[in-house]
Amino acid sequence: PLVQSDVFSEPTLSKENLTWAYSTVLARAFSVRGNNETFGKPTFLMAPFADLVNHHNLGPLSSSMYTFNNDTHTLDIRADQDYAAMSQVFIAYGTLTNPMLLLNYGFVLPDNVYESIGLKVELDDTDPHYSEKKRIMDLYSKIEENPTSARVGLNGKIRTSFLNALRIKHAHTMPEMPSSSSSSSSSSSSSPSPSSLGLDENGVWGSGDPWVEFRANHDLLVNLENLIRGYPTSLEYDVALVKNVQLHPKKLSAVMFRIEIKRILRSCVLECLQNIRESFRTAAAVSTGGVSERSSSSSSSASNLEDHPEWKKWREEIAEWDKNATQWRKEIDSVWDP
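What counts, and at which threshold
- Residues numbered from 1 in each chain as written.
- Predicted model: local features only at pLDDT ≥ 70, side-chain atom pairs only at ≥ 80, totals over all residues.
- Heavy atoms only, no water.
- pLDDT = per-residue confidence, 0-100.
- Contact = heavy atoms within 4.5 Å.
- Salt bridge = Lys/Arg side-chain N within 4 Å of Asp/Glu carboxyl O.
- Helix = DSSP H or I, 4+ residues; strand = E, 2+ residues; numbered from the N terminus.
- Buried < 20%, exposed > 50% of the residue type's maximum accessible area, 1.4 Å probe, protein only.
- Pairing = 2+ DSSP bridges.
- Axes fitted to C-alpha atoms, helices over the stretch in contact; angles between N-to-C directions.
- Parallel < 35°, antiparallel > 145°, perpendicular 65-115°, else oblique.
- Nonpolar A, V, L, I, M, F, W, Y, C, P; charged D, E, K, R; others polar.
- Arc of directions from axis to C-beta.
- Core = buried A, V, L, I, M, F, W, Y, C linked by side-chain atoms within 4.5 Å.

1. Examining the confidence of the model for the protein
Here's step 1: Per-chain confidence: the protein averages 81 in pLDDT, with 76% of residues scoring 70 or above.
Here's step 2: Across residues 180-188 the pLDDT falls below 50, and counting only partners more than four positions away or on other chains, this stretch makes eleven contacts in the model.
Here's step 3: The low-confidence segment residues 290-299 (pLDDT under 50) makes 18 contacts with residues lying over four places distant or belonging to another chain.

2. Regarding the pattern of salt bridges
Once their charged atoms are close, side chains differing in charge can pair, the charge on each being opposite to the other.
Here's step 1: For the coordinates displayed, the defined rule picks out twelve salt bridges.
Here's step 2: Linking Arg263 and Asp111 is a salt bridge whose minimum nitrogen-to-oxygen distance equals 2.8 Å. Of this pair, Arg263 sits in helix H8 (residues 249-288) while Asp111 sits in the loop between helix H2 (98-105) and strand S7 (117-120), placing them 152 residues apart in sequence.
Here's step 3: Given the relative accessible area of 36%, Asp111 is considered partly exposed.
Here's step 4: We note a salt bridge from Arg329 to Asp333, for which the minimum N-O separation is 2.9 Å. Note that Arg329 and Asp333 are positioned in helix H10 (residues 309-333) at a spacing of four residues, about one turn of the helix.
Here's step 5: On the basis of relative accessibility, which here comes to 22%, the residue Arg329 falls in the partly exposed class.
Here's step 6: Connected via shared salt-bridge partners are Asp111, Glu260 and Arg263.

3. Brief notes about unusual backbone geometry
Here's step 1: Positive phi is not limited to glycine here, since Phe49 has a value of about 75°.
Here's step 2: You will see that His73, though not glycine, has its phi angle at about 55°, which is positive.

4. As for the pairing of S7
On a regular strand, each side chain points to the face opposite its neighbour's, so the side chains alternate between the two faces of the sheet.
Here's step 1: Burial of S7 is one-sided: the residues Ile117 and Leu119 facing one way are buried, the residues Gly118 and Lys120 facing the other way are not.
Here's step 2: Of the pairings in the sheet, the one linking S7 to strand S8 (residues 149-152) comprises four bridges and is antiparallel in character. When the sheet's bridge partners are listed, Gly118 is paired in S8 with Arg151.

5. Considering the packing of helix H4 (residues 160-169) against helix H6 (residues 210-229)
Packed helices, taken two at a time, are described by the angle between their axes plus the distance between the axes.
Here's step 1: Close contact between H4 and H6 brings their axes to 9 Å; oriented N to C, the two are set at 110°. Classified by the angle between their axes, H4 and H6 sit roughly perpendicular to one another. When H4 is examined against H6, the residues Phe162, Leu163, Leu166, Arg167 and Lys169 are found in contact with a partner set consisting of Val212, Glu213, Ala216, Asn217, Asp219 and Leu220.
Here's step 2: Its residues assigned to classes, the contact of H4 with H6 comprises six nonpolar, one polar and four charged.

6. Examining helix H3 (residues 130-140)
Here's step 1: Within H3, burial applies to Glu132, Lys133, Ile136, Met137, Leu139 and Tyr140. The buried residues of H3 all sit within an arc of 165° when viewed along its axis, so they share a single face.

7. Re the nonpolar core
Here's step 1: In terms of nonpolar packing, the biggest core is built from 38 residues, with Ile117, Phe162, Leu220 and Leu224 touching the most fellow members.
Here's step 2: Taken together, the elements giving at least two residues each to this core come down to S7, H3, S8, H4, H6, H8 and H10.
Here's step 3: Counting residues per element, this core draws most heavily on H8, which supplies nine residues.
Here's step 4: Not counting chain neighbours up to four residues away, the residues in contact with Phe162 comprise Leu119, Lys120, Val121, Pro147, Thr148, Ser149, Ala150 and Leu220.
Here's step 5: Judged by nonpolar contacts, the second largest core, of twelve residues, contains Val32, Met65, Phe68 and Leu75.

What follows is the structure, given as structure tokens:
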């Protein structure tokens, strides 16, 4: 509406000029809060020279790194660490992922400790046990916030509550589902007890049944690999492109953005493979009689697991995992090494 009004002439305030001006302010403005009426609520202000300070996330973030001084009406910036003379000074713009950095500031960071991808699990409404599983999931949501979604960072670690949601999804082979009576009893309470939902002392659902562990992690693994295959290039190709080709800044940011997402996906794949490796160890312990307290209730499903064709395939490849896991992890971590 402002562009279309008669306040400014078209050459002065075209849509392109307005977009440029807005982006410039957004990328350089500081969000501050003061004590007077003007700055009593979060306010954006422009501070010449201060907007030249670059962002990093190498240390703990401090909310007092920059503040508005109500007495002098100035923006005060404090160093978050000791800096040597003539070295570059940084501040942290916030706990920002690469999409947020790219959208608001036009760059991405390698090894961004706040970078993450989103994962989501959905129950299969054609599953004959769908109603029971949904009831358990709804009750579980009362003691764990949003267990069907997770954010995963560069280490690939997946939170237990999300893995529990996957275990519930694949619990059709498990006889140890909470009974309808116990579920009804729990649903009348605002916060059901973990044990009433089938959680053990470590917060793990399903009593460590290796079959459920295998199916849950295999499901996630297949989806992660599909996401990786959906990219037109490999991680290795992208890394070589960044290191060996002079790219336009916009293309460089796009490729670096893609590299970081692929690193997280690969880290998640390694985490799934490790979980499958652990489920294999549990099944092997059951089959040889070395049954721990956690897995003793799962001997029946473990023997079925040993006979499953998918499991036999994993058993044949487990030696390769043991041999190469450390090297695969190192390759992901060292992507940006010279």
